[in-house]
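Spelled out, the chains give:
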Amino acid sequence: MSWDYLAVQVLNGLSFGALLFVLASGFTLIFGLMRIVNLAHGAYYLLGGNIAISVNLATGSYVLAIVVAVVATGVVGLLSERLLLRPVRGNEMLEVLVTVGLAFVIADLSLAVFGGNPRSLKVPAGLSGPLEMGPVVYPKYRLILVALAVLVGVGLYLMQRHSRIGAIIRAGVDDRETVGLLGINIGRVFMWLFVFGACLAALAGVAGAGILTMRPGADTDILLYALVVVIVGGLGSIQGAAVGSVVIGLIDSFSRVWIPEFSYFAVFAPMALILMLRPRGLLGRAT
Amino acid sequence: MTGRGSVVRGAAGAVLAVLALLAPLLSAEYVLSLLTLMLITALLATSVNMPAGEVGLVSMGHAGIAAAAAYGVAYGVKHGFGLGVQLLLALALTLLVSAVYAATTMRTNGIVFLMITLALGVMVYGVALKWSAVTGGQSGLTGIQRPDAFRTGPAFYYFVLAVCVLVVLLLHLFARSPLGLMLRGIRDSEHRMSSLGYAIAPAKFVAVMVSGVVAGVAGVLLVWHSEFMSPATAAFERSAMAVVIIIIGGIGSVMGPLLGAVLVVGIQYWLSSYLERWPTLLGALFIAVVIFLPGGLASMFRRGTARPAPGTVHPALDALLPSGWRRRTHEVSAPPEPPVGSPAIDRKGEGT
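Residues numbered from 1 in each chain as written. Chains lettered and ligands numbered in written order. Predicted model: local features only at pLDDT ≥ 70, side-chain atom pairs only at ≥ 80, totals over all residues.

Caption draft 1: Focus on the overall build of chain B. Looking only at helices and strands, chain B has 17 helices and zero strands in total. Counting the 352 residues in chain B, one finds 47% classified as buried. Considering only contacts in chain B between residues 6 or more positions apart, those separated by 24 or more positions represent 75%. (Helix = DSSP H or I, 4+ residues; strand = E, 2+ residues; numbered from the N terminus. Buried ≥ 20, exposed ≤ 12 C-beta atoms within 10 Å, placed from the backbone. Contact = placed C-beta atoms within 7 Å.)

Set out below in structure tokens:
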């Protein structure tokens, strides 16, 4: 195996990990504050990707596709939170079950609206094509994914550490009641955070539609990866999601080449190992 | 208190039993096949219902265990092994996969248990899909035949019915055993049980193993019923459907899985011929039950105990939460209310 080949595999792993991070960060953010395991997160991803593809086909505009996909999925997230999750607020198990039902509905309606054939998003010429880096030639778009993930990660970090809303979220993770007693409308914070998470899932869908296909079942496939990433990294931790994404992305990339028949299993092995040795995940906090 | 209600319920049970026994005489071949499928689906749901109701562990990945067992049988048939070897393969795979489920989840509870079992289920699906040399990949394994003893529809129906009754009885005995009582204690307060010196993790391990074996039995029946095996058997939708069934039917109740399975399988098969968007309908029905009737449909027939009001927490579901979170969320969302809807808890209250 040559070094060039190895470098390409590493880049494959990192760029897939980047996509996973954008998806998993929304998932883990929602879990961290609201304790909601949003199993509709994969459905939001699929919805975002599909809307972007349709808008792009209809108008030819890439930017418009991104904006419409993110905003529309955000609205779906808003409605889900207001109408379906609000009535069972406070019971984690009922909330998970509601998101399961929601995932069923969104997946089925996506099949009805967008059809059952695999679709992908045509990336504009400026973002696609190969990029030569010395001996290694690599698709430009996949590197842009890495940049996007870094941007999202740094943005989330700055938001959490240096903004008022970040302070509220951090305080809410520790003690929701006290935050509520301080006169902060925690219900509203929940709502907007949920919408934000849905938007991140849609963004991941738009980004993912450039390298993967949007088809029935893509939602549960990607949800599995997001779950493994947050379990490995530690539930509720953004830094954990970053570490988990890189680890899982790399393992996935190499196992697809070396042991294609067991690539799912290779992704699962570190999860099982971590669950047995360190159940809270790499960077998770004890509950 | 128990007088008239138990008579009515006994009569309903007797009618149901007679109907179940006479079904092959009364129904057409395809209806009987559908009834058999309902029973098998109810059995798979029962395997999820046991740890959910008794220990408070809701699995979103039990279709993976059922599929492993079914692949054992299918692989055995494909390679010309006898029935004994087929079943041995199914048992070995069931125990292996269940042990993986149990070992990775025995220190967890609530939604973390749910997430891990979900991930495990999708893993099984992935292996079934990719390891095509053994599993046949996407196209699956065809040409599987059930044993000659129950070739015919009615014979197979009676066999499945007998297995279901036997499993329910055994699970009933298990629930009454010292270990079963301990598991219920863990459901109600894991913290207290651990303070009393009980070993929590091994108990949960055994509970998941037992439920895994039930799922394995359901898997074998399933492959005998469809006489075809594909990765779809392990799909997330199947596992989630089992949870949908027990929630709709009523978590922790004996008849809940049957009630839910009849409804869900019925919707799938009858409605799907009129309505293309039946999964949407099913999803919407599920959400409505979770929000408005968290005790499931079984709670509507339960006498003497009030139905939980919309939005309040069913005790069986409440017990699914780690105790620390439960206390906190209660203080926030629900003013202290007497727990309603769980006969087990009510009876205990009266006794002391």
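Caption draft 2: Summary view of the overall build of chain A. Tallying secondary structure elements over chain A gives eleven helices and two strands in all. For chain A, the N- to C-terminal ordering of α and β elements is α-α-α-α-β-β-α-α-α-α-α-α-α. For 287 residues, the compact-globule formula gives about 19 Å, and the C-alpha radius of gyration of chain A, at 19 Å, lands near that figure. Taken across its 287 residues, chain A has 52% of its residues classed as buried. Considering only residue pairs separated by 6 or more positions, chain A has 75% of its internal contacts joining residues 24 or more positions apart. (Rg over C-alpha atoms; globule rule 2.2 N^0.38 Å.)

Caption draft 3: Inspection of the packing of helix α2 (residues 29-55) of chain B against helix α12 (residues 256-274) of chain B at higher detail. All names here are of chain B. Viewed as axis vectors pointing N to C, α2 and α12 meet at an angle of 130 degrees, and their least axial separation amounts to 8 Å. Between α2 and α12, the angle is such that the two are oblique. Our pair here, α2 against α12, has a crossing hand that is right-handed. Between α2 and α12, the contacting residues are L34, L37, M38, T41, A42, A45, T46 and N49 on the first element and G256, P257, L258, G260, A261, V262, V265 and Y269 on the second. (Axes fitted to C-alpha atoms, helices over the stretch in contact; angles between N-to-C directions. Parallel < 35°, antiparallel > 145°, perpendicular 65-115°, else oblique. Left-handed = near helix turned anticlockwise from the far one by under 90°.)

Caption draft 4: A look at the pairing of strand β1 (residues 130-133) of chain A. Residue and element names in this part refer to chain A. Of the pairings in the sheet, the one linking β1 to strand β2 (residues 136-139) comprises four bridges and is antiparallel in character. Within β2, the position partnered with L131 by the bridge is Y138. Connecting the antiparallel pair β1 and β2 is a turn made up of two residues, with G134 showing a positive phi of about 60 degrees. (Pairing = 2+ DSSP bridges.)

Caption draft 5: Highlighting the nonpolar core. In this structure, A:V22, A:L23, A:A226, A:V228, A:I231, B:A70 and B:A119 are the most contacted members of the largest nonpolar core, which totals 194 residues. Not counting chain neighbours up to four residues away, the residues in contact with A:I231 comprise A:M271, A:L275, A:G281, B:M115, B:I116 and B:A119. (Core = buried A, V, L, I, M, F, W, Y, C linked by C-beta atoms within 7 Å.)

Caption draft 6: Layout of the environment of A:A147. Residues and elements named next belong to chain A. With respect to the secondary-structure elements, A147 resides in helix α5 (residues 140-162). Under the C-beta neighbour-count criterion, A147 is labelled exposed, with 11 such atoms within 10 Å. C-alpha of A147 to C-alpha of A18: the two residues are 129 residues apart in sequence and 8.2 Å apart in space.

Caption draft 7: Structural context of the interface of chain B and chain A. Counting residues at the interface gives 47 residues for chain B, matched by 42 residues for chain A. Broken down by secondary-structure element, the contributors of at least two residues to the side of chain B that touches chain A are α4 (83-105), α5 (110-130), α11 (236-249), α13 (278-292) and α16 (323-333) of chain B. Taken together, the residues of the side of chain B that touches chain A break down into 33 nonpolar, ten polar and four charged. (Nonpolar A, V, L, I, M, F, W, Y, C, P; charged D, E, K, R; others polar.)

Caption draft 8: Fine view of α11(B). Given a rise of 1.5 Å per residue, 14 residues ought to cover 20 Å, and the 20 Å separating the end C-alpha atoms of α11(B) matches this to within 8%. Downstream of α11(B) by one or two residues, B:G250 has phi in the positive range, about 120 degrees. (Expected span 1.5 Å × (residues − 1).)

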